[in-house]
Amino acid sequence: ENLSQLIHRLGINATYRGYHYLYRAVLLALSDEDYLLSITKKMYLDIAAYYGIPVSNVERNLRTVITICWERGNREFLTEIASYPLTFRPSAGEFIDILVAIAGSIKSANDLVTYCSCFFQIRNIVFSYSSCIVKTIESKYLSKQTIFFF
């Protein structure tokens with residue numbers, strides 16, 4: 001599942017401007033986690049500069065798509081992928097952090113499988129919902145077995 005499918009699954013479609021800003025926000029945070037520490041001072045500024053719009057538009061449109069998800073979208077899925085119970089609509093920072101966490105774990109699992117398949121002969125791969133466990137692999141270069149957990 002890629003990032004756009006993940007956002008669509010939350011009930012947010014590409015007809016909202018906030019969809020594109022949210023997509024960009026998650027990509028920025030995946031590339032540099034410091035963006036999560038300064039959402040309004042750094043992330044919104046970079047998104048606004050990228051699209052050539054005022055920072056207030058980024059903030060407003062992100063709030064809109066979060067509200068769409070919470071009120072009319074797939075709130076159950078959002079609660080499922082969050083690592084804690086959601087009793088109130090998440091802030092923009094919380095929402096972006098939830099998406100970054102799930103997108104990062106999917107990316108890590110895919111990267112691990114790609115990496116391992118280049119160097120190892122994989123016997124047993126077990127995937128859980130948002131984690132990757134690789135068991136019982138034989139290295140062409142090492143004689144012992146290695147176990148990776150994410």
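Draft legend 1. Structural detail: the packing of aromatic side chains. A complete count under the given rule lists two aromatic pairs for this structure. Taking 4.9 Å as the distance between ring centres and 80° as the angle between the ring planes, the aromatic pair formed by Tyr 50 and Tyr 51 counts as edge-to-face. When its relative accessible area of 33% is taken as the criterion, Tyr 51 is described as partly exposed. Among the aromatic residues, those joined into a ring-pair cluster are Tyr 21, Tyr 50 and Tyr 51. Here the basic side chain of Arg 24 rests over the ring of Tyr 50, its NZ or CZ set 3.7 Å away from the ring centre. The ring of Trp 70 carries Arg 75 above its face, with NZ or CZ at 4.0 Å from the centroid.

Draft legend 2. Looking closely at the packing of helix H2 (residues 17–31) against helix H3 (residues 39–51). Where H2 contacts H3, the two axes come as close as 10 Å, and the packing angle between them is 125°. If you check the angle between H2 and H3, you find them oblique. For the element pair H2 and H3, the recorded crossing hand is right-handed. From H2, His 20, Tyr 21, Arg 24, Ala 25, Leu 28 and Ala 29 reach across to H3, where they touch Met 43, Asp 46, Ile 47, Tyr 50 and Tyr 51. Each residue belonging to the contact of H2 with H3 can be placed in one class, and the counts come to eight nonpolar, one polar and two charged.

Draft legend 3. Region of interest: the pattern of salt bridges. Summed over all chains, the structure comprises two salt bridges. Between Lys 42 and Asp 32 there is a salt bridge, and its shortest N-O distance comes to 3.7 Å. Within this pair, whereas Lys 42 is found in helix H3, its partner Asp 32 is found in the loop between H2 and H3, the two being separated by ten residues in sequence. The class of Lys 42 is partly exposed, set by a relative accessible area of 30%. Among the salt bridges present, the one from Arg 63 reaches Glu 59, with a minimum N-O distance of 3.9 Å. Within this pair, Arg 63 and its partner Glu 59 are both found in helix H4 (residues 55–71), separated by four residues, close to a single helical turn. Overall, Arg 63 belongs to the partly exposed group, its relative accessible area being 39%.

Draft legend 4. Structural detail: the side chain of Asn 61. Tracing the backbone shows Asn 61 in helix H4. We classify Asn 61 as buried; its relative accessible area is 13%. A distance of 2.7 Å separates the side chain of Asn 61 from the backbone oxygen of Asn 57, its partner in a polar contact. Among all residues touching Asn 61, those that are not within four sequence positions of it are Arg 17, Gly 18 and Tyr 21.

Calculation rules
- Residues numbered from 1 in each chain as written.
- Predicted model: local features only at pLDDT ≥ 70, side-chain atom pairs only at ≥ 80, totals over all residues.
- Heavy atoms only, no water.
- Phe/Tyr/Trp six-rings, centres within 6.5 Å; stacked < 30°, edge-to-face > 60°.
- Buried < 20%, exposed > 50% of the residue type's maximum accessible area, 1.4 Å probe, protein only.
- Lys NZ or Arg CZ within 6 Å of the ring centre and 35° of its normal.
- Axes fitted to C-alpha atoms, helices over the stretch in contact; angles between N-to-C directions.
- Helix = DSSP H or I, 4+ residues; strand = E, 2+ residues; numbered from the N terminus.
- Parallel < 35°, antiparallel > 145°, perpendicular 65-115°, else oblique.
- Left-handed = near helix turned anticlockwise from the far one by under 90°.
- Contact = heavy atoms within 4.5 Å.
- Nonpolar A, V, L, I, M, F, W, Y, C, P; charged D, E, K, R; others polar.
- Salt bridge = Lys/Arg side-chain N within 4 Å of Asp/Glu carboxyl O.
- Polar contact = N/O pair within 3.5 Å; in protein donor to acceptor, adjacent residues only side chain to side chain.

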